[in-house]
Amino acid sequence: MSQTDAAALYVILLGPPGAGKGTQAVQTAAATGLLHLSTGDMFREHLRNGTDLGNLAKTYMDRGELVPDDVTISMLLERIARSDAQAGCLFDGFPRTVEQAQALDDALSAQDDEIAVTVLIDVSNDEITRRLGGRVSCADCGSVFHNIFNPPDESSPCCDNVNMIQRDDDKPEAIANRLQVYADQTEPLVAYYSNAGKLSTVNGEQPPAAVGDDLLEALQAVSS
Ligand code: AMP
């Protein structure tokens, strides 16, 4: 935690696509009161609103590639400058490159803050491929399901099988590309935060509740 601003807690969730960052981020944010910031969600919201940024982001997202750093960094820095982020936040899906990490460090240090901890949700490549292959989401409400691990709810008027769609970036070619992009561009962040003494690793192949408990423990270790 920052020495100069005891109230602010900036935490990063790091891990390959399909590690469960999104699910864990929502639950951890609810348990801690931290603001949840997902750059993937921000891009999808821009897309729904038909903005130029959303249309630009879509061309990269559909191929499983990263949206360029300049665009991503300026969107994120504008977001964390708002008043609701001044007590800190939980970053989900950002940073994804060393350049993004450096920009975030610079922006926080300019306001006398810093990252408290980066929690890596560690999951093997084989497991990731299995998980991402079955991921579907409800076309109406966006809830995420998995054909094997968390099947759609046939009794629901909304989230039944008929309404399920597969995100373009969860299709097989895009999955392979996302894993390669992770290895090339995002995995170097493990060393980046480890060298800064800010990395904590949890086993992402446990049941989700156990992952969540370990995550909370990692946060408690830096906020007490
Ligand atoms: P996510 O929902 O976090 O899996 O993100 C979905 C897609 O949005 C990614 O595959 C990227 O195309 C894009 N994206 C999200 N966050 C970032 C980021 N920090 N940098 C670049 N692209 C991103």
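Look up a bit, the structure's there.
Residues numbered from 1 in each chain as written. Predicted model: local features only at pLDDT ≥ 70, side-chain atom pairs only at ≥ 80, totals over all residues. Heavy atoms only, no water.

S.K.: Quick question: what am I supposed to make of the site of the ligand here?
M.R.: In the neighbourhood of the ligand, 16 residues make up the surrounding shell, with Thr39, Arg44, Glu65, Gly93 and Arg96 lying closest. Between the ligand and Gly93 there is a distance of 2.9 Å, counted from a nitrogen atom to a backbone nitrogen or oxygen. About the coverage of the ligand: the protein hides 94% of its 480 Å² of free accessible area. No other element matches the four residues that helix α2 (residues 39-48) contributes to the shell around the ligand. (Near = heavy atom within 4 Å. Polar contact = N/O pair within 3.5 Å; in protein donor to acceptor, adjacent residues only side chain to side chain. Areas by Shrake-Rupley, 256 points an atom, 1.4 Å probe, with all protein chains shown as cover. Helix = DSSP H or I, 4+ residues; strand = E, 2+ residues; numbered from the N terminus.)

S.K.: Sorry if this is basic, but what is going on with the sheet that holds strand β6 (residues 144-146) here?
M.R.: Sheet strands pair by backbone hydrogen bonding; their relative direction is either parallel or antiparallel. Sheet architecture is open: three strands sit in the order β6-β5-β7, paired in antiparallel fashion. The sheet terminates laterally at β6 and β7 (164-165), the two strands that pair on one side only. Pairing analysis gives two bridges linking strand β5 (residues 135-138) to β7, with the strands arranged antiparallel. Paired with Ser137 across the bridge in β7 is Ile165. (Pairing = 2+ DSSP bridges.)

S.K.: I would appreciate a short explanation of the pairing of strand β1 (residues 9-14) in the present structure.
M.R.: Side chains on a regular strand alternate between the two faces of the sheet. Among the six residues that make up β1, six are buried, leaving the element largely enclosed by the rest of the structure. Pairing of β1 with strand β4 (residues 115-122) involves five bridges; the strand directions are parallel. Bridging from a neighbouring strand, Leu13 pairs with Val119 of β4. (Buried < 20%, exposed > 50% of the residue type's maximum accessible area, 1.4 Å probe, protein only.)

S.K.: What is the right way to look at helix α4 (residues 69-80) in this model?
M.R.: Residues spaced three or four apart along an α-helix point in a common direction, a consequence of the helix completing one turn every 3.6 residues. Between its first and last C-alpha atoms α4 spans 16 Å; for twelve residues at 1.5 Å apiece the expected length is 16 Å, and the two agree. All of the buried residues in α4 are Asp69, Val71, Thr72, Ile73, Met75, Leu76, Arg79 and Ile80. Where α4 is buried, its residues meet β2 (35-38), α2, α3 (52-61), β3 (88-92) and α5 (98-110). (Expected span 1.5 Å × (residues − 1). Contact = heavy atoms within 4.5 Å.)

S.K.: Honestly, the sheet that holds β3 in this entry has me stumped. Any pointers?
M.R.: Taken together, the five strands give an open sheet; going across it, the order is β2-β3-β1-β4-β8, and neighbouring strands pair in parallel fashion. On the outer flanks of this sheet lie β2 and β8 (199-203), each paired with one strand and no other. This sheet shows a mean twist of 25° between the axes of neighbouring strands, independent of strand direction. Of the strand pairs in this sheet, β2 and β3 are connected by four bridges, and their pairing is parallel. Directly across from Ser38, in β3, lies its bridge partner Asp92. Together, β1, β3 and β4 form the strand contacts of α5, whose direction differs from that of β4 by roughly 150°. (Axes fitted to C-alpha atoms, helices over the stretch in contact; angles between N-to-C directions.)

S.K.: Please explain the side chain of Gln100 as it appears in this structure.
M.R.: Within the fold, Gln100 resides in helix α5. Separated by 2.9 Å, the side chains of Gln100 and Asp69 make a polar contact. With sequence-adjacent residues up to four places away left out, Gln100 is seen in contact with Asp69, Thr72, Ile73, Phe94 and Pro95.

S.K.: Looking at this structure, I do not really get a negative patch on the surface. What am I missing?
M.R.: Judged by side-chain charge, Asp122, Asp126, Glu187 and Glu205 come together as a negatively charged surface patch. Tracing the sequence through the fold places Asp126 in helix α6 (residues 125-133). A residue is classified by how much of its surface remains accessible, and Asp126, at 65% relative accessible area, is exposed. (Patch = residues over 30% accessible without salt bridge, like charges linked within 9 Å, V, L, I, M, F, W, Y side chains within 5 Å. Salt bridge = Lys/Arg side-chain N within 4 Å of Asp/Glu carboxyl O. Lys, Arg positive; Asp, Glu negative; His and termini not counted. Charge placed at Lys NZ, Arg CZ, Asp CG, Glu CD.)

S.K.: Honestly, the packing of aromatic side chains in this entry has me stumped. Any pointers?
M.R.: The way to describe two aromatic rings as a pair is by their centre distance and the angle between their planes. According to the stated counting rule, one finds three aromatic pairs in the structure shown. Aromatic side chains Tyr10 and Phe91 sit 6.4 Å apart centroid to centroid with 20° between the ring planes, which places their arrangement in the stacked category. Pair noted here: Tyr10 is in strand β1 and Phe91 is in strand β3, with a separation of 81 residues, a long-range link. One aromatic cluster in this structure is built from Tyr10, Phe91 and Phe94. Above the face of the Tyr60 ring, Arg63 is positioned so that its terminal group lies 5.5 Å from the ring centre. (Phe/Tyr/Trp six-rings, centres within 6.5 Å; stacked < 30°, edge-to-face > 60°. Lys NZ or Arg CZ within 6 Å of the ring centre and 35° of its normal.)

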